[in-house]
Amino acid sequence: MPWKNKQGTTAQILISPAGASLDRLDFDYRLSSAPIKGPGAFSRFPGYQRILLPVSGAGFVLNGHPYATFEAAHFSGDDETHCELLKKEVTDLGLIYHPDRLSANVRVLTLPFPLSLTLEADKTYLCHLLEGQLTVQGQSIAPNETLVIRDEVSIHFECGKKTTIAFFTLQEK
């Protein structure tokens with residue numbers, strides 16, 4: 001789908017709640033991925049917060065601050081945000097969320113071996129496979145797929161060597 005500012009395109013991975021729309025700005029959160037092919041201004045999302053993670057390429061500079069691959073940028077959707085590329089095209093993974101309804105964070109995990117995590121049942125977790133092989137609770141996840149985890153107190157990851165995931169935590173307010 002086209003960016004709000006029409007300067008590029010993005011692939012929407014998920015939006016919550018079901019039936020919400022980017023155009024109406026009535027969503028709690030939205031996860032998407034987009035190629036950034038050159039310098040330019042980001043679309044503004046008044047009233048929302050953003051987390052942007054470069055997942056391929058060398059990274060980018062947002063408003064003068066450099067972010068390397070897998071380093072999360074946190075910024076307000078109200079702000080004018082300008083992007084410069086560190087080298088060439090970058091692909092990002094971005095979460096836009098409503099801060100009055102949710103708090104959010106992301107961690108990039110590189111898993112060299114199986115791992116079990118203790119979770120909090122009142123939080124929502126988004127597990128996006130960036131690279132490698134991953135099976136979660138017996139369900140295989142393909143690269144660039146996202147698993148939504150709710151109402152769980154623990155989770156077990158089975159993985160191949162050098163499996164990298166973006167693990168978002170969302171907490172309702």
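In the nomenclature of an unreviewed UniProt entry, the protein is known as HutD family protein of Aeromonas taiwanensis.

Time to look at unusual backbone geometry. With an omega of 0°, the peptide bond running from S16 to P17 counts as cis. Positive phi, normally seen in glycine, also occurs at N63, with a value near 50°. Turning to its location among the elements, N63 is positioned in the loop between β5 (59–62) and β6 (65–68). The backbone of Q137 shows a phi angle near 50°, a positive value even though the residue is not glycine. Structurally, Q137 is set in the loop between β13 (134–136) and β14 (139–141).

Our focus in this paragraph is the sheet that holds strand β17 (residues 163–172). Taken in spatial order, the four strands line up as β10-β17-β12-β15 in an open sheet, and their pairing is antiparallel. Two strands close off the open sheet at either side, each with one partner strand: β10 (102–111) and β15 (146–150). On average, each strand axis in the sheet is tilted by 20° relative to the strand beside it, whichever way the strands run. Pairing analysis gives eight bridges linking strand β12 (residues 123–131) to β17, with the strands arranged antiparallel. Each bridged residue has a counterpart across the sheet, and for L129 the counterpart in β17 is I165.

Turning our eyes to something else, we now look at empty space enclosed by the protein. Overall, the coordinates contain one cavity of 30 Å³ or more when judged by the stated rule. In this structure, the largest cavity spans a volume of roughly 240 Å³. As for the largest cavity, its lining consists of 19 residues, of which W3, T10, S32, A34 and R50 are closest to the centre. Those elements that provide at least two residues to the lining of the largest cavity are β2 (29–36), β4 (49–56) and β9 (90–97). Grouping the amino acids of the lining of the largest cavity by side-chain chemistry returns 11 nonpolar, four polar and four charged.

Attention now goes to the side chain of H98. Within the secondary structure, H98 sits in the loop between β9 and β10. We classify H98 as buried; its relative accessible area is 13%. Residues within four places of H98 in sequence aside, it is in contact with F27, D28, G47 and Y48.

What counts, and at which threshold
Residues numbered from 1 in each chain as written. Predicted model: local features only at pLDDT ≥ 70, side-chain atom pairs only at ≥ 80, totals over all residues. Heavy atoms only, no water. Helix = DSSP H or I, 4+ residues; strand = E, 2+ residues; numbered from the N terminus. Pairing = 2+ DSSP bridges. Axes fitted to C-alpha atoms, helices over the stretch in contact; angles between N-to-C directions. 1 Å grid on protein atoms, 1.4 Å probe; cavity = no way out; pocket = protein on both sides within 12 Å on 5 of 7 lines; lining within 4 Å. Points joined across faces, edges and corners; volume = space filled by probe spheres on them. Nonpolar A, V, L, I, M, F, W, Y, C, P; charged D, E, K, R; others polar. Buried < 20%, exposed > 50% of the residue type's maximum accessible area, 1.4 Å probe, protein only. Contact = heavy atoms within 4.5 Å.

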